[in-house]
Amino acid sequence: MAAAGALWAEARALLPGAEEGLSLALSGEVDDCVPPLLRRACGLLYGAPGPPCGAAAAELRRLGDVLRDYAWEKLNAGPWREVGKAWRQVYAYGCLFGALAEVAACRPLAPAVRLCDMGLLMGASVLDNALARLVRLLQARLPRGKRRAAAGGSAKRARVGPPPAPVVQPEEALPHVRCPSLEHFRDNYLIPQKPVVLEGIIDHWPCMKKWSVDYICQVAGCRTVPVELGSRYTDEEWSQKLMTVNDFINQYIVNENSVGYLAQHQLFDQIPELKEDISIPDYCCLGEGEEDDITINAWFGPEGTISPLHQDPQQNFLAQVFGRKYVCLYSPQDSENLYPHEGQILHNTSQVDVEDPDLNKFPNFRKAACQSCILMPGQVLFIPVKYWHYIRSLDTSFSVSFWWS
């Protein structure tokens, strides 16, 4: 009980010392019934010197449930870009109150960690990002994750050594440059918008020596993340699911029952311990935006994950930490030969399967000039803005992308 009391004291210290200091201001309008619920929850947190006990803890938990359920309907009522920030803040408060109720009641910590992650994923920052600070406190009290051995029988696909990598023809091979100066990169690649593989620029990153599937499991195993299910997002059966990193690794990397991909996720905002092992490439300073404007995404999955041929509206550095990836690039000048989808949702994605093109249906694809590479651990690929790119992982792989202006 002493340990539980100490944990509550540390969790409670993340909030303002007095109830008057806890601002419940929201960034917009919400339904009239919501502010009283928020104030009632705050009253329970500050109503006694110690943690809410018994009926008070149960009421705090119920209020968290009500706030999350109410906000969840608003979050899913239409396109995400139209969801008001105020409702995301309400959802975050619901997660915060729910997690604190779990701690106050001395319940197992894994559900509280999941609530924090749900608030970080779906909510908006409240109280100086209290959820991120709380989850770091809670995670330190949980045992580190360990991946399970592969299941016996036929659950795991047979493997006879690493699969052969596609052959990159000399006329298609991307140029490689080792540690170019800022001026050399700017004049020869950034300004003319030419892709290039950079070598030697991330050798000093701690992740290059530390990270493995086991390490990711240890550091992030209990954390909840969004996982893409299916080989590629253009497939009809493609879907997304929230699960812990432990479950993702055990189901899709250890046992390989099907294809799952932790893709385009801002994992490093969610888990700062991993962010400490990487750094923003110096070449990003040549851009027009601020460092806070750079989007850093994680791409972690088994062999066989595919990003269909598509283009992005920003410059991109794709850094390979472990595993290999086969990458094909096409200039924006070839866009008409790449047959983009006509619908608004997939307008930046080609209809062509790069490695198995239907040339009867897409005859002009043969006119498109391809550049390609096998991206190896320690290499960084510069993908200019609007450059079309297709990527297939050849091994269990972890990549970090930096989108910058």
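Just so it is clear, the model here is predicted, and its values are computed rather than measured.

### Focus on the confidence of the model for the protein
Averaged over every residue, the pLDDT of the protein is 90; the share at 70 or more is 94%. In this model residues 153-162 is a low-confidence stretch, pLDDT under 50, and it forms 15 contacts with partners more than four residues away in sequence or in other chains.

### Brief notes about the pairing of strand β8 (residues 315-322)
Burial within β8 is extensive, with eight of its eight residues counted as buried. With seven bridges connecting them, β8 and strand β13 (residues 397-404) associate as antiparallel partners. Opposite Q320, over in β13, you have S399 as the bridge partner.

### A word on helix α4 (residues 85-104)
An ideal rise of 1.5 Å per residue puts 28 Å on 20 residues; α4 measures up with 28 Å between its terminal C-alpha atoms. Counting buried positions over the 20 residues of α4 gives 18, a clear majority of the element. After α4 finishes, the residue C106 shows a positive phi value of roughly 60°.

### A word on the nonpolar core
The biggest cluster of nonpolar side chains holds 49 residues, and the ones touching the most others in it are F185, W211, F300, F317 and F398. Formed by 48 residues, the second largest nonpolar core is a distinct cluster that contains W8, L67, W87 and V90.

### What about helix α5 (residues 109-122)?
Its 14 residues give α5 an end-to-end C-alpha distance of 20 Å, which sits within 8% of 20 Å, the value for a rise of 1.5 Å per residue. Buried within α5 we find L109, A112, V113, L115, C116, D117, M118, G119 and M122.

### Considerations on the packing of helix α2 (residues 34-46) against helix α3 (residues 55-75)
Orientation of α2 relative to α3, taken along the N-to-C sense of each, is 150°, at an axis distance of 10 Å. One way to sum up the angle between α2 and α3 is to call them roughly antiparallel. You can see that α2 and α3 cross each other, and the crossing is left-handed. Residue-level contacts link V34, L37, L38, R40, A41, L44 and L45 of α2 to A56, E59, L60, R62, L63, V66, L67 and Y70 of α3.

### Points about the pattern of salt bridges
Following the criterion strictly, the structure yields 14 salt bridges and no others. Residues R141 and E10 are paired through a salt bridge, measuring 2.5 Å at the closest nitrogen-oxygen approach. In this pair, R141 is assigned in the loop between α6 (130-139) and β1 (176-178) and E10 in helix α1 (residues 2-12), connecting sequence segments 131 residues apart. For R141, a relative accessible area of 37% puts it in the partly exposed group. A salt bridge links D203 to R178; its shortest N-O distance comes to 3.6 Å. Taken together, the residues D203 in the loop between β2 (196-199) and α8 (207-210) and R178 in strand β1 connect sequence positions 25 residues apart. Accessibility expressed as a relative area gives 44% for D203, which makes it partly exposed. Here the salt bridges share partners, and the residues they tie into one network are R40, E59 and R62.

### Topic: the packing of α5 against α6
Two elements in contact, α5 and α6, have axes whose closest approach is 9 Å; the angle formed by their N-to-C orientations is 155°. Classed by the angle they form, the pair α5 and α6 counts as roughly antiparallel. The handedness of the crossing between α5 and α6 comes out as left-handed. Residues L109, A112, V113, C116, D117, G119 and L120 of α5 touch α6, and the partners they reach there are L131, A132, L134, V135, L138 and Q139.

### Observations regarding unusual backbone geometry
One non-glycine residue with positive phi stands out, namely D128, at about 55°. Mapped onto the elements, D128 comes out in the loop between α5 and α6.

### Concerning the sheet that holds strand β12 (residues 388-393)
Across the sheet, which stays open at both edges, the four strands sit in the order β7-β12-β9-β10 with antiparallel pairing between neighbours. Two strands lie at the open edges of the sheet, namely β7 (306-310) and β10 (370-375), each paired on one side alone. The sheet shows a mean angle of 15° between the axes of neighbouring strands, direction not considered. Sheet topology places β7 next to β12; three bridges connect them, and they run antiparallel. Note on β12: the bridge partner recorded for S307 is I391.

### Things to note about the side chain of R12
By the secondary structure assignment, R12 is in helix α1. Buried within the structure, R12 lacks any salt-bridge partner; E19 is the closest side chain of opposite charge, at an N-O distance of 8.0 Å. A polar atom in the side chain of R12 sits 3.2 Å from the backbone oxygen of P16. Here R12 is in contact with G17, L45 and Y46, once residues within four sequence places are set aside.

Conventions adopted
- Residues numbered from 1 in each chain as written.
- Predicted model: local features only at pLDDT ≥ 70, side-chain atom pairs only at ≥ 80, totals over all residues.
- Heavy atoms only, no water.
- pLDDT = per-residue confidence, 0-100.
- Contact = heavy atoms within 4.5 Å.
- Buried < 20%, exposed > 50% of the residue type's maximum accessible area, 1.4 Å probe, protein only.
- Helix = DSSP H or I, 4+ residues; strand = E, 2+ residues; numbered from the N terminus.
- Pairing = 2+ DSSP bridges.
- Expected span 1.5 Å × (residues − 1).
- Core = buried A, V, L, I, M, F, W, Y, C linked by side-chain atoms within 4.5 Å.
- Axes fitted to C-alpha atoms, helices over the stretch in contact; angles between N-to-C directions.
- Parallel < 35°, antiparallel > 145°, perpendicular 65-115°, else oblique.
- Left-handed = near helix turned anticlockwise from the far one by under 90°.
- Salt bridge = Lys/Arg side-chain N within 4 Å of Asp/Glu carboxyl O.
- Lys, Arg positive; Asp, Glu negative; His and termini not counted.
- Polar contact = N/O pair within 3.5 Å; in protein donor to acceptor, adjacent residues only side chain to side chain.

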